Amino acid sequence: MIEQLLRTPLTDLVGVRHPVVQTGMGWVSGPRLVSATANAGGLGILASATMTFDELEKAIVEVKGRTEEPFGVNLRADAGDAAARCDLLIEYGVKVASFALAPKPELIARLKEHDVVVMPSIGAAKHAKKVAGWGADAVMVQGGEGGGHTGPVPTTLLLPTVLDAVDIPVVAAGGFFDGRGLAAALSYGAAGVGMGTRFLLTSDSAVPDAVKRLYLERGLTDTVVTAKVDGMPHRMLRTALVEELEESSAVRRMGPTLRRTLEFKRDSGMSWRELAKDGREMKKQQGRTLGQMALAANTPTMLKAGLVEGDTSAGVLASGQVVGVIDDLPSCEELIDRVVTRAAEELRRAGSYLS
Ligand SMILES: Cc1cc2nc3c(=O)[nH]c(=O)nc-3n(C[C@H](O)[C@H](O)[C@H](O)COP(=O)(O)O)c2cc1C
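Residues numbered from 1 in each chain as written. Predicted model: local features only at pLDDT ≥ 70, side-chain atom pairs only at ≥ 80, totals over all residues. Heavy atoms only, no water.

## Considerations on the overall build of the protein chain
Helix and strand content of the protein chain: 16 helices and eleven strands. For the protein chain, long-range pairs separated by at least 24 residues make up 61% of all intrachain contacts whose partners lie at least 6 apart in sequence. When the accessible surface of the protein chain is summed, it comes to about 15300 Å², and 54% of that surface belongs to carbon and sulfur atoms. (Helix = DSSP H or I, 4+ residues; strand = E, 2+ residues; numbered from the N terminus. Contact = heavy atoms within 4.5 Å. Areas by Shrake-Rupley, 256 points an atom, 1.4 Å probe, with all protein chains shown as cover.)

Given below as structure tokens:
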């Protein structure tokens, strides 16, 4: 474990040693990965969108049992029980609340009142401006090369527009895997980097080894962005199933969608009423159609089948393009040490160009 080499507004804000964030990835960012990251000096974020309320509480307790370092929880801002989940973070003294989509201003205010750092993920400068105006402490910006739900603009262009739009710390995500990327992000003016796919491919991630091997075999052009899984652009590994989904009609996809909705209802323990409430909230916040909302129920079960059960015939494997340059499975500690050491070297080298 190395000492602090880079002190940034992110390390100061959150109290971590290194400006490296392990992002919240459904079914992937569990207690083991999060605590390994925290113990290595990075900011680990638990993914709670795929957990029931009780599972989230259990996961928080487990992380706290494995580390005394700060960590975060990623929440779906549009979940019916988002406020109750925020109360859980407050109760357990979780340091960071990360959000997919913008949380409501009241929720931000409540978390901040209790010293929880609020860091929504955003995909456009105008959204960064909006949440900063509502009091967010930092934002994570994910460029189009990133895994999971993603936008069309690459990190190299999105990041500077977000940095120009807000004065709060910005964490850059999408396409990062090594110290050169961290040095580059800091040179842009970011306060750190967030990495998803790179942390999925560590020895500390609980993804089955056979699935990790599938990722390691992939090249730079082996991911695809499809809206056919849940109606939103989603970057994942190109597999036979994804190609089939891309080609199939909406009517043909509806059968499996209904089956997966039933599975999701069973796994999540949610009632039809709660599911419908979540659906209405999604419709209101994201303007999704009914068909898209039904498709949205696909995502958790399809990701589970792929990432937890390793069944690529029924499941999908979310991934960033960065998968094409990753060929090993270091521990979180090895990974963070080498990212930070290399970033410091690159910044020193670049500094030597100054005349
Ligand atoms: C397997 C996987 C699952 C993900 N699940 C979520 C999620 O549940 N919530 C979220 O906000 N982002 C999710 N993401 C996006 C990541 O948190 C992160 O922003 C992205 O992976 C960064 O790009 P990179 O993969 O190039 O590092 C997921 C990404 C992957 C690869």
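What follows picks up the thread again.
## Re the nonpolar core
Within soluble globular proteins, side chains that are nonpolar generally end up buried alongside one another. Among the nonpolar cores identified, the biggest contains 58 residues, and V162, L182, F199 and Y215 are the most heavily contacted of them. Here this core takes six residues from helix α16 (residues 332–351), the largest share from any one element. Shared between two domains, this core takes at least three residues from each, and those domains are domain 1 (9–207 + 327–351) and domain 2 (219–318). With residues up to four places along the chain from it excluded, the contact list for V162 reads I122, A124, A125, A128, V139, V141 and V170. One finds L46, I60, V63 and L88 within the second-largest nonpolar core, a separate group that totals 24 residues. (Core = buried A, V, L, I, M, F, W, Y, C linked by side-chain atoms within 4.5 Å. Buried < 20%, exposed > 50% of the residue type's maximum accessible area, 1.4 Å probe, protein only. Domains from an automatic or database assignment.)

## Side note on the site of the ligand
Residues in contact with the ligand amount to 21 residues; listed here are only the nearest, T23, Q142, G175, G196 and T197. Backbone polar atom of G26 to a nitrogen atom of the ligand: 3.0 Å apart, as the coordinates give it. Measuring from an oxygen atom of the ligand, one finds a side-chain N or O atom of T197 at 2.5 Å. Protein chains bury 90% of the 610 Å² of accessible surface belonging to the ligand in isolation. Here the residues of the shell around the ligand are counted per class, giving seven nonpolar, 14 polar and no charged. (Near = heavy atom within 4 Å. Polar contact = N/O pair within 3.5 Å; in protein donor to acceptor, adjacent residues only side chain to side chain. Nonpolar A, V, L, I, M, F, W, Y, C, P; charged D, E, K, R; others polar.)

## Observations concerning the sheet that holds strand β3 (residues 72–76)
Taken in spatial order, the eight strands close into a barrel running β1-β2-β3-β4-β5-β6-β8-β9, and their pairing is parallel. Pairs of neighbouring strands in the sheet enclose a mean axial angle of 25°, with direction left out of account. Across the sheet, helix α4 (residues 82–91) touches β3 and β4 (96–100), and the angle it forms with β3 is around 175°. Across the sheet, helix α6 (residues 125–133) lies against β5 (117–122) and β6 (139–142), angled at about 160° from β5, the strand it touches most. (Pairing = 2+ DSSP bridges. Axes fitted to C-alpha atoms, helices over the stretch in contact; angles between N-to-C directions.)

## As for the side chain of E145
Relative to the elements of secondary structure, E145 occurs in the loop between β6 and β7 (148–149). Of the buried charged residues, E145 lacks a salt bridge, with R235 as the closest side chain of opposite charge at 6.8 Å. There is a polar contact of 2.8 Å between the side chain of E145 and the backbone nitrogen of T155. Once you skip the residues sitting within four places of it in the chain, E145 turns out to touch V153, P154, T155, G174, G175, R235, G320 and Q321. (Lys, Arg positive; Asp, Glu negative; His and termini not counted. Salt bridge = Lys/Arg side-chain N within 4 Å of Asp/Glu carboxyl O.)

## Examining the pattern of salt bridges
Taken as a whole, this structure holds eleven salt bridges when the rule is applied. Residues E62 and R66 are paired through a salt bridge, measuring 3.2 Å at the closest nitrogen-oxygen approach. Remark: R66 and E62 occur in helix α3 (residues 53–66); sequence separation between them is four residues, near one turn of the helix. Looking at R66, the relative accessible area reads 41%, which means it is partly exposed.

## A closer look at the environment of A183
Looking at where A183 falls in the secondary structure, it is placed in helix α8 (residues 179–188). Residue class for A183 comes out buried when judged on its relative accessible area of 5%. On a C-alpha basis, the gap between A183 and E346 in space is 6.3 Å, while along the polypeptide they are 163 residues apart. Filtering out sequence-adjacent residues up to four positions away, A183 remains in contact with A343, E346 and L347.

## Re the side chain of T67
The topology assignment puts T67 in the loop between α3 and β3. Judged by its relative accessible area of 7%, T67 is buried. A polar contact is formed between the side chain of T67 and the side chain of N39, at a distance of 2.7 Å. Separated by 3.0 Å, the side chain of T67 and the backbone nitrogen of E69 make a polar contact. Contacts of T67, omitting those with residues within four sequence positions, involve S35, A38 and N39.

## Thoughts on the packing of α4 against helix α5 (residues 105–113)
α5 packs onto α4 with a crossing angle of 10° between their chain directions and a minimal axis gap of 10 Å. As the angle between them shows, α4 and α5 are arranged roughly parallel. Residues A82, A83, C86, D87 and I90 of α4 lie in contact with α5, whose contacting residues are L107, R110 and L111. Here the residues of the contact of α4 with α5 are counted per class, giving six nonpolar, no polar and two charged. (Parallel < 35°, antiparallel > 145°, perpendicular 65-115°, else oblique.)

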